[in-house]
Amino acid sequence: MMYLFICLKRIRNKLLTRILAISKKEMLQLKRDKRMLFVLFIFPIILLAIFGYAINFDVHHIQLFVFDQAKTVDSRNIIRMLGSSDYFDIKGYLNNEGQIKEVLDLNKAQSVIVFPKDMSKKLNTNRNVKVQILIDGVDGNTAAIIENYMNAATLAYNKKIAKEFFSKNGIPIYIPIALESIFWFNPGLKSTLFLIPGLIAMILVITAVISISLSIVREKERATIDQLYVSPLKFLEILLGKSIPYTIIGLIISAMILIVSHVMFGLTIRGNILLLFLTTLLFLFSASNLGIFVSSIADSQQVAFQLATLISLLPSVILSGFIFPIASMPVAIQVFTNITPAKFYIVILRDILLKGVGMEAFWPQIIYLLIFAFIFLFLAAIFNKRAAANL
């Protein structure tokens, strides 16, 4: 029994020595490649800053024109209320209906508010007043948000008028059902906080897939990979040795991104940091295996870069739930979204960073990441063994 234990220990030591030797060789190559180091460490921060500020679903400073036919205290109060908020910018006043079409056609306005002539007369006789809101509907999402803002502003002014009316007539205000909205996890409803986990996943998957695929394909072009194939090294040892440096770099990049996200956007880690580290490690392992698979079917760095970008970037943006909800997609597309590990990692990140929950909330995503990682590792092994057999 003792002899078996000693043999296993020697095998383990030899295995670790071989893997670490390949990792050391890979780190030395990276150290010499200054441009690659710049791309690996600086590009993610630039990408985070650009996407973090550019991709934002919050609509502010809506260009609003006013066609005030009433010219009364009530219409002026509504205009003042809209202009004092951060959501609307009063760009000007119109004198006739013909100007409405002009400002909307020439994109001078996103919305036009029209007050009827008999506004005050109807209000004084307790009749309904129809205030018209004309909205540029080319961008459907922005148009719906503008409508919601207008509805909220109108509701607030209606409450003010009702309160004044009841107080004037000595009638106590009675609201049967009062809706109180409390937003958990993102009280300010900042879309940036919702998008940052997706940005982190996108940046890491691009970095991991592209860097490791280019590394292996570079060895193919220089024919140095053939020396590894004919050496006593096992295929798994070669892959692990090449993956470890990029996994470590990925962990460093993820820490940098979290720090920059906190400084720039106020993101805080609500959940367990150790759990975040372990799940990030698993995600990088999955992304690295995807990069290894790309390298096994690409023969040049140009092809590897294009293929890695196609496989990592587009699915991470479109099919991962980063921007577009997966539940809103057709069933066939929902099945197709499983081609990117970012889909599972984004769920984990949002749960840990924003909600602060534990593994009980996202353990299925961990299983999916493991399945994804081993499927692509298996596929990469098949392709690489065929390549080695042809030597």
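Residues numbered from 1 in each chain as written. Predicted model: local features only at pLDDT ≥ 70, side-chain atom pairs only at ≥ 80, totals over all residues. Heavy atoms only, no water.

Here we take up the packing of helix α11 (residues 273-297) against helix α12 (residues 301-319). Where α11 contacts α12, the two axes come as close as 10 Å, and the packing angle between them is 140°. Compared by their axis directions, α11 and α12 come out oblique. Here the hand of the crossing between α11 and α12 comes out right-handed. Of α12, the residues touching α11 (which contributes Leu290, Val294 and Ile297) are Ala304, Leu307, Ala308 and Ile311. Classifying every residue of the contact of α11 with α12 by side-chain character gives seven nonpolar, no polar and no charged. (Axes fitted to C-alpha atoms, helices over the stretch in contact; angles between N-to-C directions. Helix = DSSP H or I, 4+ residues; strand = E, 2+ residues; numbered from the N terminus. Parallel < 35°, antiparallel > 145°, perpendicular 65-115°, else oblique. Left-handed = near helix turned anticlockwise from the far one by under 90°. Contact = heavy atoms within 4.5 Å. Nonpolar A, V, L, I, M, F, W, Y, C, P; charged D, E, K, R; others polar.)

In this fold, Thr279 is placed in helix α11. Using a relative accessible area of 4% as the deciding quantity, one classes Thr279 as buried. Apart from the residues lying within four places of it in its own chain, the contact partners of Thr279 are Tyr345, Ile348, Ile352, Phe362 and Ile366. (Buried < 20%, exposed > 50% of the residue type's maximum accessible area, 1.4 Å probe, protein only.)

With that settled, the discussion passes to the pattern of salt bridges. Counted according to the given criterion, the structure contains two salt bridges. Between Lys101 and Asp105 there is a salt bridge; the shortest N-O distance is 2.6 Å. With Lys101 and Asp105 both in helix α5 (residues 98-105) and four residues apart, the pair spans about one turn of that helix. For Lys101, a relative accessible area of 56% corresponds to the exposed category. For Asp105, a relative accessible area of 47% gives the class partly exposed. Between Asp351 and Lys355 there is a salt bridge; the shortest N-O distance is 3.9 Å. You can see Asp351 and its partner Lys355 sitting in helix α14 (residues 342-355), four residues apart, about one turn around the helix. A residue is classified by how much of its surface remains accessible, and Lys355, at 41% relative accessible area, is partly exposed. (Salt bridge = Lys/Arg side-chain N within 4 Å of Asp/Glu carboxyl O.)

Moving on, we come to the sheet that holds strand β1 (residues 62-68). Taking strand neighbours across the sheet as the criterion, the four strands line up as β2-β1-β3-β4 in an open arrangement whose pairing is mixed. Of all strands in the sheet, those with a lone pairing partner are β2 (88-93) and β4 (132-135), marking the two edges. Between one strand and the next, the sheet's axes are offset by a mean angle of 25°, whatever the strand orientation. Bridge analysis of strand β3 (residues 111-115) against β4 gives four bridges, and the strand direction is antiparallel. Pairing of Ile113 across the sheet is with Ile133, part of β4. Packing against the sheet, α5 makes contact with β1, β3 and β4, and its axis sits at approximately 165° to β3. (Pairing = 2+ DSSP bridges.)

Here we take up the confidence of the model for the chain. Taken residue by residue, the chain gives an average pLDDT of 81. The fraction at 70 or more is 88%. Within the chain, the element-level pLDDT minimum falls on helix α9 (residues 225-230), averaging 63, and the maximum on α14, averaging 91. (pLDDT = per-residue confidence, 0-100.)

Following the criterion strictly, the structure yields eight aromatic pairs and no others. Between the aromatic rings of Tyr87 and Tyr149, the centroid separation amounts to 4.3 Å while the plane-to-plane angle is 40°, which identifies the pairing as tilted. In this pair, Tyr87 sits in the loop between α4 (73-84) and β2 while Tyr149 sits in helix α7 (residues 140-168), placing the two residues 62 residues apart along the sequence. For Tyr149, a relative accessible area of 22% translates into the label partly exposed. Pairing Phe283 with Tyr345 gives two aromatic rings, centres 4.1 Å apart and planes at 5°, and the pair type is stacked. Within this pair, whereas Phe283 is found in helix α11, its partner Tyr345 is found in helix α14, the two being separated by 62 residues in sequence. By relative accessible area, Tyr345 is classed as buried at 1%. Taken together through their ring pairs, the aromatic side chains of Tyr87, Phe88 and Tyr149 make up a single cluster. When the ring centre of Phe194 is taken as reference, the NZ or CZ atom of Arg350 above it lies at 3.8 Å. (Phe/Tyr/Trp six-rings, centres within 6.5 Å; stacked < 30°, edge-to-face > 60°. Lys NZ or Arg CZ within 6 Å of the ring centre and 35° of its normal.)

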